[in-house]
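Each chain, letter by letter, is given below.
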Amino acid sequence: MEHVRREEHRQRVVQVTTATANGLVTVYAGTSLREADAADEFIRASLIFAVPLLVLTVALVTWRVTGWALRPVEAIRAEVAEISDRDLHRRVPVPPSQDEIARLAATMNTTLDRLEASVTRRRQFIADASHELRSPITVLRTQLEVAQAHPDPDLWSELLSGALEDTVRLQDLASDLLLLARLDTAQAPPSAAVDLTEVVREVARARKGDPVPVDTEIAPDITVRGSTLWLARLVTNLLDNAQRHAHHRILLALRVDETHRTAVLEVRDDGPGIPPADRERVFERFTRLDDARSRDQGGSGLGLAIARDIATHLGGSLTIQDSAPGAHLVARIPLDSS
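To keep things clear, this report deals only with the structure shown in the data block.

What counts, and where the lines are drawn
Residues numbered from 1 in each chain as written. Predicted model: local features only at pLDDT ≥ 70, side-chain atom pairs only at ≥ 80, totals over all residues. Heavy atoms only, no water. 1 Å grid on protein atoms, 1.4 Å probe; cavity = no way out; pocket = protein on both sides within 12 Å on 5 of 7 lines; lining within 4 Å. Points joined across faces, edges and corners; volume = space filled by probe spheres on them. Helix = DSSP H or I, 4+ residues; strand = E, 2+ residues; numbered from the N terminus. Nonpolar A, V, L, I, M, F, W, Y, C, P; charged D, E, K, R; others polar. Pairing = 2+ DSSP bridges. Axes fitted to C-alpha atoms, helices over the stretch in contact; angles between N-to-C directions. Contact = heavy atoms within 4.5 Å. Parallel < 35°, antiparallel > 145°, perpendicular 65-115°, else oblique. Left-handed = near helix turned anticlockwise from the far one by under 90°.

Here's the deal with the layout of surface pockets
Where empty space is left in the structure can be found by rolling a water-sized probe over the atoms.
Part 1 of the argument: The computed volume of the second largest pocket comes to approximately 550 Å³.
Part 2 of the argument: Lining the second largest pocket are 19 residues, with R121, R122, F125, D184 and R285 positioned closest to its centre.
Part 3 of the argument: Residue assignment for the lining of the second largest pocket shows that the elements contributing at least two residues are α2 (100–149), α3 (153–185) and α7 (303–313).
Part 4 of the argument: Looking at the lining of the second largest pocket residue by residue, the classes come out as seven nonpolar, four polar and eight charged.

Overview of the sheet that holds strand β8 (residues 317–321)
Part 1 of the argument: Pairing in this open sheet of five strands is mixed, and the strands run β4-β6-β7-β9-β8 from one edge to the other. The open sheet has two edge strands, β4 (214–218) and β8, and neither has a second partner. This sheet shows a mean twist of 15 degrees between the axes of neighbouring strands, independent of strand direction.
Part 2 of the argument: When β8 meets strand β9 (residues 328–334), the two strands line up antiparallel, connected through five bridges. Paired with Q321 across the strands is H328, a residue of β9.
Part 3 of the argument: Of the strands in this sheet, β4, β6 (250–257), β7 (262–269), β8 and β9 are in contact with helix α5 (residues 228–245), which crosses β7 at around 20 degrees.

Notes on the packing of helix α1 (residues 34–82) against α2
Part 1 of the argument: Interhelical geometry of α1 versus α2 gives an angle of 15 degrees and a closest axis separation of 10 Å. Judged by the inter-axis angle, α1 sits roughly parallel to α2. Both α1 and α2 take part in a crossing whose hand is left-handed. The segment α1 lies against α2, with A69, P72, V73, I76 and V80 engaging I101, A105 and M108.
Part 2 of the argument: Tallied by class, residues from the contact of α1 with α2 come to eight nonpolar, no polar and no charged.

Given below as structure tokens:
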């Protein structure tokens, strides 16, 4: 048992009672707790001064270490804050450490690479579109000025015919540009079930009067998810391209690839074909190969670009396969799984 007495220090007293020949005897033994109390007072006094100092030291070290660790983040933030649409070539600094901050900086630079490439493509697209639009507009204006300056009824028929041709070409080009803009800004592809067999047959029926006949091999009951207008435009653009280059025959085929669960649309022609080195370049916007430089014969250079964009938006692909003779374009669209 422990007794606290009214003294400067505590004492510990132990009581033991035992039986003896003279009866019960109680023995008391006590010791002073002076040294323990002195140690408690020393520890208490030390903690009063040490704890605030320790807290202050920890806070200072934490602030310095955190500032040192976040210095690369601040450098990244400052660099990004100064980048504008005119400075997309700039990149954020990548710290030498192989940690999350270094990976963040590398990811930021990759994002800036994609953004710069996208802006460059858009600027080039605007420049190309302006160039393509300027040509028919200039010709149309010239024809109208000639008609105004020479009010000869004998010339009006030829001038009006040329003006109408350029107007149609201008309308088609504007329609292509509008479709490309819609494809670029589309958040999600159309998801309605479409009878691709019927779409292909309808497009083929509408082209009975083409200079080069179109032979068809169309499998029945093929359904995909997408847009009827988009799919019809895809088929139309592929056939338009084949018509510009074919000599005597075009084959339009539609089948199912059960292994990959895709609808396979193929367009073959017996023209000069596409060299392997140009098989990706032809899908770039406003691209015309050397043998199709003429705007009258080579089109605007947007047909295959639109066709690939449509196929990509629908979750498929459009590629050029080896073929002899002529070109062999293959579009793959996922089948409807519902």
